[in-house]
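Spelled out from the first residue to the last, the chains are:
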Amino acid sequence: MHTKIISDCLHKMNYPFELHEYELLAGGISGAHTYRVQLGANTAVLKVTLAESEDFILLRAQRERTFYQSLAKQLPLQTPQLLSSYTAPDFGYCFLLTAHQPILTWEQKDFENVARQLACLHATFWKGDPELTNGNWLKWTPASATQPEIEAATSTWRTLQSQDRLKSIFTSETNRLLSQQLAHLKTIDNLIQTVPLTLCHGDCHMGNFLKDAQGNLIWADWQEVGLGYGPEDLSFFLQRGAHSGRAIPSEHMLKSYHQALTTQIDTSLSLTNLEQVVHASELRTLLLQWPFYIQDAPIEQVRHILERIALLAQYL
């Protein structure tokens, strides 16, 4: 099946090299597949989303393909190069990208480099850009939590509170804190919005960074690219890193991001303000999104999330 998919894509893209071998990097998510392919002497990455995929999967493929075609070259960072692409309503999307190596060993300089380059990305559109604002293909996340979102999260937290195995950690004080923070989400959103909208990667985590043969950082996977509040990208990176159990030099990343950002924008932004936005973004994620992912999580993981919510609430 995979050989046929790859061959069909190469034929439709009129790519002149024959397939020698391939490795499936990701696949099975509603028709979306990613392959590392050997084409003659060249190695490339082929991303395929078939027409029968779910609408949101097709939208992600369209967004990433448009990014590489229209926006990638404007950014102050390196991304994979688009070698070829094809799309049709009865087929779906496929595009071929230059292949690069994952970062197997992260050093502090790599983390700080990510932070600096992330600041450069955000600074490029920090004061807005008409072309960017009119880019209706970009992902747009509502600036404030909607009432249905808050109600769904509240209901899910209550389901967790009712689990017998978790009753020892959902104390009356913890439950009161959750209710207070969910009721104050507007305040949290207002704090995040003290910085302007800009272009965000949208899926900024360690697995989406590669290196080329010269050791330069390569930013991959732009399916979630869109308008957002810059420090949210940094907050997401720190959250994902901590959740994976990695030792992330958060303070160094915050300082590197702040220094690079304030050097490039003609606006004062204190380190304290930046830290507050980063922490508010994490608190928002924990309150609104995490309850859906910890229904069957070990009790220690749930306890950690509750302790983190309490710490962030106290900080803010």
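The residue numbers shown here count from 1 along each chain, following its written sequence. The predicted origin of the model limits local features to residues at a pLDDT of at least 70 and limits the giving and counting of side-chain atom pairs to 80 or more, whereas totals for whole chains, interfaces and linings rest on all residues. Side-chain calculation: all heavy atoms of the structure are included, whereas hydrogens and water are not.

Draft legend 1. Summary view of the overall build of the protein. For helices the rule is a DSSP run of H or I covering at least 4 residues; for strands it is a run of E covering at least 2, with both sets numbered from the N terminus onward. Per the secondary structure count, the protein includes eleven helices and eleven strands. Considered along the principal axes of its C-alpha atoms, the protein spans approximately 65 × 50 × 40 Å. Burial status follows relative accessibility: with a 1.4 Å probe on protein chains alone, a residue under 20% of its type maximum counts as buried, one over 50% as exposed, and anything between as partly exposed. Looking at the protein residue by residue over its 316 residues, the buried ones come to 50%. Across the protein, contacts joining residues at least 24 apart in sequence account for 70% of those joining residues at least 6 apart. Within the structure as shown, the protein displays about 15900 Å² of accessible surface, and the carbon and sulfur contribution to it stands at 49%. Every residue pair with non-hydrogen atoms within 4.5 Å of one another is taken to be in contact. Only the protein chains shown count as cover for residues, and all accessible areas are computed by the Shrake-Rupley method using a 1.4 Å probe.

Draft legend 2. Expanded view of the layout of surface pockets. Buried and open spaces are told apart on a 1 Å grid over the protein atoms alone, a cavity being a set of points where a 1.4 Å probe fits but cannot get out and a pocket being an open set with protein on both sides within 12 Å along at least five of seven lines. Residues with an atom within 4 Å of a point are the lining residues. Grid points are joined across faces, edges and corners, and a volume is the space filled by probe spheres set on the points. One number sums up the size of the largest pocket: a volume of about 1100 Å³. Around the largest pocket, the lining comprises 33 residues; the ones closest to its centre are Lys139, Gly202, Phe236, Thr285 and Gln289. Residue assignment for the lining of the largest pocket shows that the elements contributing at least two residues are α7 (185–192), β11 (226–229), α8 (231–243) and α10 (271–288). Tallying contributions element by element places α8 first for the lining of the largest pocket, with six residues. As a volume, the second largest pocket reaches approximately 730 Å³. Counting only elements with at least two residues in the lining of the second largest pocket, the list comes to β1 (19–29), β2 (32–39), β3 (42–50), α2 (55–70) and β5 (92–98). Here the lining of the second largest pocket gets five residues from one element, more than from any other, and that element is α2.

Draft legend 3. Structural context of the sheet that holds strand β7 (residues 139–140). A pair of strands is treated as paired once DSSP finds two or more bridges between them. Spatial strand order, β7-β11-β8: three strands in an open sheet with mixed pairing. For this open sheet the edge positions go to β7 and β8 (197–200), each flanked by a neighbour on one side alone.

Draft legend 4. Region of the structure containing the packing of aromatic side chains. Think of it this way: a Phe, Tyr or Trp ring, Trp meaning its six-membered ring, pairs with another when their centres are within 6.5 Å, and the plane angle makes it stacked under 30 degrees, edge-to-face over 60, tilted otherwise. For the structure shown, the criterion picks out 14 aromatic pairs. Ring geometry for tyrosine 68 against phenylalanine 95: centres 6.3 Å apart, planes inclined by 50°, an arrangement best described as tilted. One end of the pair, tyrosine 68, is in helix α2; the other, phenylalanine 95, is in strand β5, with 27 residues separating them in the sequence. For the pair tyrosine 68 and phenylalanine 95, one class covers both residues: buried. One aromatic cluster in this structure is built from Phe67, Tyr68, Phe95, Trp106, Phe111, Phe209, Trp219, Trp222 and Phe237.

Draft legend 5. Representation of helix α1 (residues 2–12). Those residues of α1 that sit buried are His2, Ile5, Ile6, Cys9 and Leu10. The buried residues of α1 occupy one face: seen down the axis, they fall within an arc of 130°. For α1, exposure combined with an orientation more than 90 degrees from the buried face picks out Lys4 and His11. Where α1 ends, the next residue or the one after it, asparagine 14, has phi of about 55°, a positive value. The arc in question is traced by the directions running from the helix axis to the C-beta atoms.

Draft legend 6. Up close: the environment of alanine 143. Mapped onto the secondary structure, alanine 143 falls in the loop between β7 and α5 (147–161). Assessed through its relative accessible area of 26%, alanine 143 is described here as partly exposed. Expressed as a C-alpha distance, the spacing of alanine 143 and aspartate 189, which sit 46 residues apart in the sequence, is 7.1 Å. Discounting residues that sit within four places of it in the chain, alanine 143 has contacts with Asp189, Gln193, Tyr229 and Arg284.

Draft legend 7. Broad picture of the side chain of glutamine 161. Mapped onto the elements, glutamine 161 comes out in helix α5. Between N or O atoms, a polar contact is any pair within 3.5 Å; within protein, one atom must be a potential hydrogen donor and the other a potential acceptor, and residues adjacent in sequence are included only when both atoms are from side chains. One polar contact links glutamine 161 to asparagine 175, side chain to side chain, over a distance of 3.1 Å. Beyond its immediate sequence surroundings of up to four residues, glutamine 161 is in contact with Lys167, Phe170, Asn175 and Leu178.

Draft legend 8. Broad picture of the confidence of the model for the protein. Every residue gets a pLDDT, meaning the predictor's confidence in that residue, from 0 to 100. Residues at a pLDDT of 70 or more form 96% of the protein, whose mean pLDDT is 92. Within the protein, the lowest mean pLDDT, 61, falls on helix α4 (residues 130–133), and the highest, 97, falls on strand β10 (residues 217–219).

Draft legend 9. Region of interest: the sheet that holds strand β9 (residues 209–211). One open sheet accounts for three strands, arranged β6-β9-β10; its pairing is antiparallel. Every other strand in the sheet has two partners, leaving β6 (101–102) and β10 as the edge strands with one partner each. Across two bridges, β6 lies against β9 in antiparallel orientation. Bridging across to β9, glutamine 101 finds its partner in lysine 211. Orientation is described by lines fitted to C-alpha atoms, with helices fitted over the stretch in contact, and by angles between N-to-C directions that extend from 0 to 180 degrees. Of the strands in this sheet, β9 and β10 touch helix α3 (residues 108–124), which is tilted by about 50° from β10.

Draft legend 10. The nonpolar core, seen in detail. Of all hydrophobic cores here, the largest spans 72 residues; its most connected members are Trp157 and Phe237. Broken down by element, the residue count for this core peaks at eight residues, all from α10. Contacts of phenylalanine 237, omitting those with residues within four sequence positions, involve Trp106, Phe111, Val114, Cys204, His205, Met206, Phe209 and Met253. Residues belong to a common nonpolar core when they are buried Ala, Val, Leu, Ile, Met, Phe, Trp, Tyr or Cys residues joined through side-chain atoms within 4.5 Å. Ranked by size, the runner-up nonpolar core spans 17 residues in total, among them Ile5, Leu10, Leu46 and Leu96.

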